[in-house]
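The primary structure of each chain is shown beneath.
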Amino acid sequence: MAIKTDGAADTQPARITRLQRELAQRLAQDIAAGVFELDSHLSEKALSERYEVSRTPVRGALRLLAESGLARCKPNSGYYVARRARGDDAVATPEGAPMTSEDLYRRLVADRSQRLIEDSFTDSELLHRYGVPRSILMKTLLRMASEGVLEKRQGHGWRFPASLADDDVRKESYRFRMMVECAGLREPGFNVDARAFRDMRERHEALLADSRRPIATGDFFALNSAFHEMLARCSGNRFILQAVQQQNQLRQLDAHPASYPVSTLERYVREHLDILDAMEAGDQEWAAAVMQRHLKATQWAA
């Protein structure tokens, strides 16, 4: 049986490997977070470098995304993001399939954000809690450690680094973000990606469209992370991008969406739009000033 995509003559067998499923789930999650914008090209080469895998599992993951409707295949061109994903989007997996590394990663992040996991823990405690094979657990923990959201304890077990729920740590994080993100806007190689900026603007304006309906904190939480990461990516500085991505990952663990004050969300959305306006007008200094003010305000409100 062959998997068919929009106009693509793909006759490869429909065998789905665990790695392909995990990679497809991770791609779907990143699309939902806004890492990949609507209609953006999903390059096999770029994805293999980003996720540190060969092109073969990337190719299989893209076919799965096409089946789920998140991507479409253009003949002689490749795959593109077909629609803006939701946080609950998932690619098809066999009924009763065991938890994958990607599944476990999301569970760990969600459970930590609700303080269902202690600051320090052992492999055995997680094996008992989630009932996954040790190989899946170790793969997930090592990935989290490589991304800076976990640390290996000396001798035995693991621990989460200093929590952003701690007032002093959160303030330190925001001071770091002010330095890094404002510098990113001033980078001489900053590229205003017209498509990414347009899509980001539309997503922000959609939140403001109905003045009678308050902005949902969960919607803003996902969009906020995508906004800051998009600007870091446009800076053209890989180290700024890595720093912003790590901060987003830490905030996933500690800044639960409910922590955003609803009364100030509209102001934050409008400040994001002001930053987009300034960058599109070529006024990097004003954009950096607005970003500085924005981060300083959210530091005290969070």
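Preceding this paragraph is the structure being described.
Please read these numbers as outputs of a predicted model, since none were measured by experiment.

S.K.: I tried to follow the overall build of the protein on my own but got confused; where do I start?
M.R.: When helices and strands are tallied, the protein shows twelve helices and six strands. Sequence-distant contacts in the protein: of pairs separated by 6 or more residues, those separated by 24 or more amount to 69%. When the accessible surface of the protein is split by element, carbon and sulfur atoms take 50% of a total near 15300 Å².

S.K.: Looking at this structure, how should I read the pattern of salt bridges?
M.R.: A side chain with one charge can pair with a side chain of the opposite charge if their charged atoms come near. Applying the stated criterion across every chain yields a total of 16 salt bridges. One salt bridge connects E102 with R143, and the closest N-O pair in it is separated by 2.8 Å. With a gap of 41 residues between them, E102 in helix α4 (residues 101-113) and R143 in helix α6 (residues 134-146) connect regions that are remote in the sequence. Like R143, E102 is buried. Here R134 ties to D123 by a salt bridge, and the two come within 3.6 Å at their closest N and O atoms. Within this pair, whereas R134 is found in helix α6, its partner D123 is found in helix α5 (residues 123-130), the two being separated by eleven residues in sequence.

S.K.: Where do I start with the packing of α4 against α6 in this structure?
M.R.: To characterise two packed helices, one gives the angle between the axes of the helices and the distance between these axes. Interaxial distance between α4 and α6 falls to 9 Å at its minimum, and their mutual angle equals 60°. The angle between α4 and α6 places the two elements in the oblique class. As for the relative orientation of α4 and α6, their crossing is right-handed in sense. For the pair α4 and α6, contact is made by S101, E102, L104, Y105 and L108 and by I136, L137, K139, T140, L141, R143 and M144, respectively. Here the contact of α4 with α6 is composed, by residue class, of seven nonpolar, two polar and three charged.

S.K.: What is the right way to look at the sheet that holds strand β5 (residues 151-152) in this model?
M.R.: To summarise the sheet geometry, strands pair through backbone hydrogen bonds and adopt either a parallel or an antiparallel arrangement. Here three strands make up an open sheet; going across it, the order is β4-β6-β5 and the pairing antiparallel. The strands lining the two open edges of the sheet, one partner per strand, are β4 (120-121) and β5. As paired strands, β5 and strand β6 (residues 158-159) are joined by two bridges and run antiparallel to one another. Note on β6: the bridge partner recorded for E151 is R159.

S.K.: Could you clarify how one ought to interpret the nonpolar core in this entry?
M.R.: One broad trend across soluble globular proteins is that nonpolar side chains are buried collectively. Residues L185, F197, M230, L231, I275, L276 and M291 are the most contacted members of the largest nonpolar core, which totals 31 residues. Contributing elements (two or more residues each) for this core: α7 (167-185), α8 (194-208), α9 (217-234), α11 (262-280) and α12 (284-301). The biggest single contributor to this core is α11, with eight residues. Other than its neighbours up to four places away in sequence, I275 contacts L185, F227, L231, A287, V290 and M291. Within the second largest apolar cluster, 21 residues are counted, among which are A24, L47, L62 and L64.

S.K.: I'm lost on the pairing of strand β3 (residues 78-81) in this one. Help?
M.R.: Along any regular strand, the residues point their side chains to alternate faces of the sheet. Relative to β3, strand β1 (residues 41-42) runs antiparallel, the two sharing two bridges. The residue of β3 that forms the bridge with L42 is Y79. Judged from the four bridges that link them, strand β2 (residues 71-74) and β3 form a sheet pairing that is antiparallel. Looking across to β3, one finds that C73 is bridged to Y79.

S.K.: It is not clear to me how the sheet that holds β1 should be interpreted in this structure. Could you clarify?
M.R.: Taken in spatial order, the three strands make up an open sheet running β1-β3-β2, and their pairing is antiparallel. Single-partner strands in this sheet number two, and they are β1 and β2. In the packing of helix α3 (residues 55-68) onto the sheet, the strands contacted are β1, β2 and β3, and the crossing angle to β3 comes to about 50°.

S.K.: Please clarify how α7 should be interpreted in this entry.
M.R.: Side chains that are three or four residues apart share a direction in an α-helix, a result of its 3.6 residues per turn. For α7, built from 19 residues, the straight-helix expectation of 27 Å at 1.5 Å per residue is met to within 8% by its first-to-last C-alpha distance of 27 Å. Buried within α7 we find V169, R170, S173, Y174, R177, M178, V180, E181, C182, G184 and L185.

S.K.: What am I meant to see in the environment of P214 here?
M.R.: Relative to the helices and strands, P214 is located in the loop between α8 and α9. For the pair P214 and E266, spaced 52 residues apart in sequence, the C-alpha separation works out to 8.5 Å.

S.K.: Teacher, can you tell me more about α5 here?
M.R.: Within the sequence span of α5, burial applies to D123, L126, L127 and Y130. Buried residues of α5, viewed axially, fall in a sector of 105°; they line one side. Close packing links the buried residues of α5 with α4, β4, α6 and β6. Immediately beyond the C-terminal end of α5, within one or two residues, lies G131, with a positive phi of roughly 60°.

Thresholds, definitions, all that
Residues numbered from 1 in each chain as written. Predicted model: local features only at pLDDT ≥ 70, side-chain atom pairs only at ≥ 80, totals over all residues. Heavy atoms only, no water. Helix = DSSP H or I, 4+ residues; strand = E, 2+ residues; numbered from the N terminus. Contact = heavy atoms within 4.5 Å. Areas by Shrake-Rupley, 256 points an atom, 1.4 Å probe, with all protein chains shown as cover. Salt bridge = Lys/Arg side-chain N within 4 Å of Asp/Glu carboxyl O. Buried < 20%, exposed > 50% of the residue type's maximum accessible area, 1.4 Å probe, protein only. Axes fitted to C-alpha atoms, helices over the stretch in contact; angles between N-to-C directions. Parallel < 35°, antiparallel > 145°, perpendicular 65-115°, else oblique. Left-handed = near helix turned anticlockwise from the far one by under 90°. Nonpolar A, V, L, I, M, F, W, Y, C, P; charged D, E, K, R; others polar. Pairing = 2+ DSSP bridges. Core = buried A, V, L, I, M, F, W, Y, C linked by side-chain atoms within 4.5 Å. Expected span 1.5 Å × (residues − 1). Arc of directions from axis to C-beta.

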